[in-house]
Amino acid sequence: MNTVIYLRQSVDRTGDELAVQRQQTDARRLARQRGWTVAAEYTDNDISAAGKRTRPGFEAVLAALDSGAAQAVIAWDMSRLTRNARDRLRLLEVGRRREVVVSFVRGSDLDLGTPAGRLTADILGSVAQHEIDQKADRQRAAAAQAAAQGRRIGGRRPFGYAQDGLAINDDEAGAVRDGYTALLSGASLGSIARDWNGRGLPTPQARRDGTPSPWTAQTVRPVLLNPRYAGLRAHVTEKALEAAGGNPRAARLRSVVGTAAWPALVPEETWRAAVDLLTDDDRMNPPRGGRALLTGLALCGVCDATVHAGAAPARGGRQERRTYRCSASYGHVGRAALPVEAYIRDVIVARLSRSDARDLLVDHNRPDVDALRTELSTLRTRRKSILALVADGTFTENEARAQVTVLTRRTAEVEAALSDAGRVNVLGPLVDAADPAAAWDALDIERQRAVIDALMTVRLLPPGRGTRTFRPESVVITWR
């Protein structure tokens, strides 16, 4: 009789496939004992049999059995072969039609061509499904309890912390803090990735070949969005995941349940300001190509539309030169970029060199952060209390829903206020610099743009027909 061998393990954290190798040794021994010819071996390594994920090896087994290429299948036990009703039904249908024999290393043979064989296989499959359901219930309860207590329940080592997720890794923690500061000062995710790589700090997850994995803008973003760095514990439920459209990172942002057991690396207001910035639609869909200094910031002096960078064609032996033009009408404003940028630089440096420059750092509208933190903690505690009263039957769900709705609305308001409080003053490094000009020149273009946006509104007027010299009055600056 021809047989196929099926090998599977759900999780292979090391990638060495040792579990399937052990299954293979025993399955081959069983085939020799039965006197069966092994037509093929199929493996699904690191794939669960409980969910909806397609298992290529299992599909190949069904195809071999249904085509008649094999009349039997050897597996370690039923839980290795199938653990969900959909695949179990498909196996039983093929087994009934083709009179397939299923042989288990840890079990007996089942003839699926007989009603008794199919019944036994169905019972074994149901038992495996029951084990999965019970395990899932225990895991959900344990996860909810850990979240309520602020505990970590394992997983990969988080950047900035030791393997236990509690002790701080000083070098990485410093990089995380600097990353938040840089982001809120106008830096790009790419520049933060380059900074972390330049410090010799790879991601905690190495490549499959064991070599360090460098940071990219795409891997920096989820780090800065993670509530863990504000010392917050999130607990994503199935409902929260569904409300977030199946996006686990978006669901985690909405599922903060309280303070975590590990120390924070940044204040909560800093993290919330970073979340607002990183989830802003304009930042998620930036313009193509690198931004010029005034693109999208300066306004046309004729119609108040934003200006964008372009290039004047080379004529009469002159080289191509950068320009700024009105984004609404080609004929409004069109002028050389370099003289305008140099003038803006000189104006900013002069303003930051004045004796009263530190007045620019004073924010009289800054909210009381300590009061906001206290209120937010109180709101979270009250919400937990209400949910506990529903669980013990004191409140019905309808009675609790109105109270939870009010608490949720106020929580969102306090979180928004904390986000505003967490925005950094981008002028600080320039005001405190011994040489503001050198400090300005050392900033990357994203941070220079942030400074311009914080200090002024710039309007560019047409330079005038035939004008070949720069006229400062053609650049109108309104201080904020």
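Predicted model, so just to flag it, every value in this text is computed and none were measured.

**Student:** Even after reading the chapter, I still don't get the sheet that holds strand β5 (residues 109-111), so can you show me in this structure?
**Tutor:** Across a sheet, paired strands are connected by hydrogen bonds in the backbone, their directions being either parallel or antiparallel. If you walk across this open sheet you meet the 5 strands as β2-β1-β3-β4-β5, and the pairing is mixed. Pairing within the sheet leaves two strands with one partner each, and these edge strands are β2 (37-45) and β5. Within this sheet the neighbouring strands show an average axis-to-axis angle of 20 degrees, counted without direction. Relative to strand β4 (residues 101-104), strand β3 (residues 72-75) runs parallel, the two being bridged by 4 bridges.

**Student:** Sorry if this is basic, but what is going on with unusual backbone geometry here?
**Tutor:** Excluding glycine, residues mostly carry a negative phi; peptide bonds, for their part, are mostly trans. Non-glycine residue E99 carries a positive phi angle of around 55 degrees. With respect to the helices, strands and loops of the structure, E99 is situated in the loop between α4 (85-98) and β4. With phi around 70 degrees, D304 is a residue other than glycine that occupies positive phi space.

**Student:** Where do I start with the sheet that holds strand β13 (residues 475-479) in this structure?
**Tutor:** Overall, mixed pairing links the 3 strands, which are arranged β8-β12-β13 in an open sheet. Two strands bound the open sheet, and with one partner strand each, they are β8 (299-300) and β13. Along the sheet, helix α13 (residues 337-352) makes contact with β12 (456-460) and β13, crossing β13 at roughly 30 degrees. Against the sheet, helix α18 (residues 445-455) touches β12 and β13, its axis set at about 95 degrees to β12.

**Student:** Help me understand the environment of Q129 in this model?
**Tutor:** Mapped onto the fold, Q129 is located in helix α5 (residues 115-148). Expressed as a C-alpha distance, the spacing of Q129 and N84, which sit 45 residues apart in the sequence, is 6.0 Å. Not counting residues within four places of it along the chain, the set of residues in contact with Q129 comprises R83, N84 and A85.

**Student:** Looking at this structure, I do not really get the packing of aromatic side chains. What am I missing?
**Tutor:** Remark: the centre distance and the inter-plane angle together describe each pair of aromatic rings, the angle taken between the planes. Inspection of the entire model under this criterion finds 6 aromatic pairs. With a centroid separation of 6.2 Å and an interplanar angle of 70 degrees, the aromatic rings of Y6 and F58 are classed as edge-to-face. Taken as a pair, Y6 in strand β1 (residues 2-9) and F58 in helix α2 (residues 56-67) lie far apart in primary sequence, 52 residues in all. Of the two residues, Y6 and F58, neither departs from the other in class, the shared state being buried. Consider the rings of F159 and W196, whose centres lie 5.1 Å apart with planes at 35 degrees: the pair is tilted. Of this pair, F159 sits in the loop between α5 and α6 (170-184) while W196 is found in helix α7 (residues 189-198), placing the two residues 37 residues apart along the sequence. No difference in accessibility class separates F159 from W196, as the two residues are buried.

**Student:** What exactly am I supposed to notice about the environment of R449 here?
**Tutor:** Here R449 is to be found in helix α18. The exposure class of R449 is buried, given its relative accessible area of 9%. Spatially, the C-alpha atoms of R449 and S185 are 9.7 Å apart, while their sequence positions differ by 264 residues. Those residues in contact with R449 that sit more than four places away from it in its chain are R291, A292, L293, L294, T295 and L297.

**Student:** How should the pattern of salt bridges be read in this particular structure?
**Tutor:** Where charged atoms from two side chains of opposite charge approach closely, those side chains can pair. As enumerated under the stated definition, the model contains 25 salt bridges in all. Ionic pairing is found between D26 and R29, a salt bridge with its closest N-O pair at 2.7 Å. Taken together, the positions of D26 and R29, both in helix α1 (residues 18-34) and 3 residues apart, correspond to about one turn of that helix. Across the pair R410 and E375 runs a salt bridge, and its minimum N-O distance is 2.6 Å. Here E375 lies in helix α14 (residues 369-391) and R410 lies in helix α15 (residues 397-421), a separation of 35 residues in the sequence. Sharing partners across several salt bridges, the network here consists of R55, E59, R86, D87 and R90.

**Student:** How do you make sense of the confidence of the model for the protein when you look at a structure like this?
**Tutor:** Atom-level detail of predicted coordinates should not be read off regions where pLDDT is low. Residue-level pLDDT values for the protein average 83, and 88% of them are 70 or greater. Note on residues 284-289: pLDDT under 50 across the span, and 3 contacts to partners over four residues away in sequence or across chains.

**Student:** Would you mind showing me how to read the nonpolar core here?
**Tutor:** Side chains of nonpolar character tend, in soluble globular proteins, to be buried together. Within the largest apolar cluster, 36 residues are counted, with the highest numbers of intra-cluster contacts made by I344, I348, V451, I452, M456 and L460. If you list the elements that add at least two residues to this core, you get β10 (321-326), α13, α16 (428-431), α17 (436-442), α18, β12 and β13. No other element matches the 7 residues that α13 contributes to this core. Ignoring any residue separated from it by four or fewer positions in sequence, one finds L460 in contact with A298, L299, C300, G301, V307, Y324, V333, R335, V340, S474 and V475.

The rules behind each value
- Residues numbered from 1 in each chain as written.
- Predicted model: local features only at pLDDT ≥ 70, side-chain atom pairs only at ≥ 80, totals over all residues.
- Heavy atoms only, no water.
- Pairing = 2+ DSSP bridges.
- Helix = DSSP H or I, 4+ residues; strand = E, 2+ residues; numbered from the N terminus.
- Axes fitted to C-alpha atoms, helices over the stretch in contact; angles between N-to-C directions.
- Contact = heavy atoms within 4.5 Å.
- Phe/Tyr/Trp six-rings, centres within 6.5 Å; stacked < 30°, edge-to-face > 60°.
- Buried < 20%, exposed > 50% of the residue type's maximum accessible area, 1.4 Å probe, protein only.
- Salt bridge = Lys/Arg side-chain N within 4 Å of Asp/Glu carboxyl O.
- pLDDT = per-residue confidence, 0-100.
- Core = buried A, V, L, I, M, F, W, Y, C linked by side-chain atoms within 4.5 Å.

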